[in-house]
Every structure is written in C-alpha cells, then in structure tokens.
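# Descriptive analysis of the structure
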Amino acid sequence: MTKLESDNKEAVQKVWELIKGIETAMLTTVSEEGLVSRPMQTQDVEFDGDLWFLTKKDTGKFHELLHNRQVNVAYAGKSYVSIRGEAELVQSVEKVKQFWSPAYEKLLETTYDDPNLVLIKVKAETAEYWDIGNKFKMITFMFNRLLGKNTEGTSLNKLVELK
C-alpha cells in the first residue's frame, strides 16, 4: 500500500468515526434558484467513501441532480462534518431492498419495489471536520483563542481528500 492509499484509508476511517451514529444529514444540491438543503436519513452502512440516501423521482432533489451532480452533505452531532462530492442516481431494487426498513414504508408511503424510488450515491471527494468530541482538544483550543494565541494548525479542524 502506498503512502497516498494509506492516508486516504485513514481519512475515510476518521470521517466514518465522526459521522457514525448521526442519523440525519443535510444534503445540499443546486437548483435553478441556487443552493437547497434538506434533511436526509443516513443509511446504516459503513462509510467507504460513498454515502447513500433514498428518495423518490418526483422530488426536487432528483431533478436538481439530473442537471448538476455536485452536492454537499453536512453532519452535526458529536462532531461537525461537511462532505463535498458528486452524486449519482442509482436505480436498483436490490440495493433499495438492502437499505429498506419498515419506517420508510410509512415515511415515503410506498414499498421497496416502487419504481419511483431511487438511490442517491454520493462519491465523497473531500471532507472538512471539526472534532469536538475530544473535550481536552476543545478546551485547549478555546483557551488559546481566549488568550489570543494562534490556533491555526490545531487538529480540531481538518480538511482531507477522500478520492
């Protein structure tokens, strides 16, 4: 494994640790009027550089992705993570079935084999995160800020390449 592959694997693993357990993400797409964000249910699958979301073809986000595949996915919880990438619309009953749960039946008012269902696969390119789960790092960061010390380069906030 090359250093680049190792760094990439570590970055993907760090992002997975930070977003794991955060059920709702904000998916931002580009509409004719500008940026649009909406809450989406994160699929309970280990992050490998791809994020998966379930939607219907008769939604604004579906049509927006047909025209512009650039997206951002933001997570807020035990940490803050912003992931930029390119979306792909995936039509696969088998893949939908893999992610399906009874909650979707009520939420989307349909069944897993509905031809109107489609998956959004986001291929992550970069991620920026603020690791606030480490209380010591957070307190040190805030203390240094209050004292007017330079906090640039702290490991609290980091931008990583994922592709």
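Residues numbered from 1 in each chain as written. Predicted model: local features only at pLDDT ≥ 70, side-chain atom pairs only at ≥ 80, totals over all residues. Heavy atoms only, no water.

## What about the overall build of the chain?
- A count of helical and extended segments in the chain gives 5 helices and 7 strands.
- Put simply, the chain has 163 residues, and 39% of those count as buried.
- Restricting to contacts in the chain with at least 6 residues of sequence separation, those with at least 24 account for 68%.
- In the form shown here, the chain has an accessible surface area of approximately 10,000 Å², with 54% of it arising from carbon and sulfur atoms. (Helix = DSSP H or I, 4+ residues; strand = E, 2+ residues; numbered from the N terminus. Buried < 20%, exposed > 50% of the residue type's maximum accessible area, 1.4 Å probe, protein only. Contact = heavy atoms within 4.5 Å. Areas by Shrake-Rupley, 256 points an atom, 1.4 Å probe, with all protein chains shown as cover.)

## Here we look at the side chain of Ser-79
- Within the secondary structure, Ser-79 sits in the loop between strand 4 (70-76) and strand 5 (80-90).
- Take Ser-79: its relative accessible area is 0%, and that puts it in the buried class.

## Regarding the pattern of salt bridges
- Using the criterion set out here, one finds 5 salt bridges in the structure.
- With a shortest N-O distance of 2.7 Å, Glu-86 and Arg-69 are connected by a salt bridge. Of this pair, Glu-86 sits in strand 5 while Arg-69 sits in the loop between helix 2 (60-67) and strand 4, and the two are 17 residues apart along the sequence.
- Glu-86 sits in the partly exposed class, given a relative accessible area of 29%.
- With a closest N to O distance of 3.0 Å, Arg-84 and Glu-125 form a salt bridge. Of this pair, Arg-84 sits in strand 5 while Glu-125 sits in strand 6 (residues 117-130); the two residues are 41 residues apart in sequence, bridging distant segments of the chain.
- The class of Glu-125 is buried, set by a relative accessible area of 15%.
- Salt bridges sharing common partners tie together Asp-50, Lys-121 and Lys-123. (Salt bridge = Lys/Arg side-chain N within 4 Å of Asp/Glu carboxyl O.)

## Focus on the pairing of strand 1 (residues 24-30)
- As judged from the 7 bridges shared by strand 1 and strand 2 (residues 35-41), these two strands associate in the antiparallel manner. Bridge pairing in strand 2 places Thr-29 opposite Val-36.
- Bridge count for strand 1 against strand 4 is 3 bridges, and the pairing is antiparallel. Bridged to Thr-28 within strand 4 is Asn-72. (Pairing = 2+ DSSP bridges.)

## Observations concerning the side chain of Thr-126
- Following the sequence through the fold, Thr-126 ends up in strand 6.
- With a relative accessible area of 6%, Thr-126 lands in the buried category.
- Those residues in contact with Thr-126, other than ones at most four positions away along the chain, are Ser-82, Ile-83, Arg-84, Leu-159, Val-160, Glu-161 and Leu-162.

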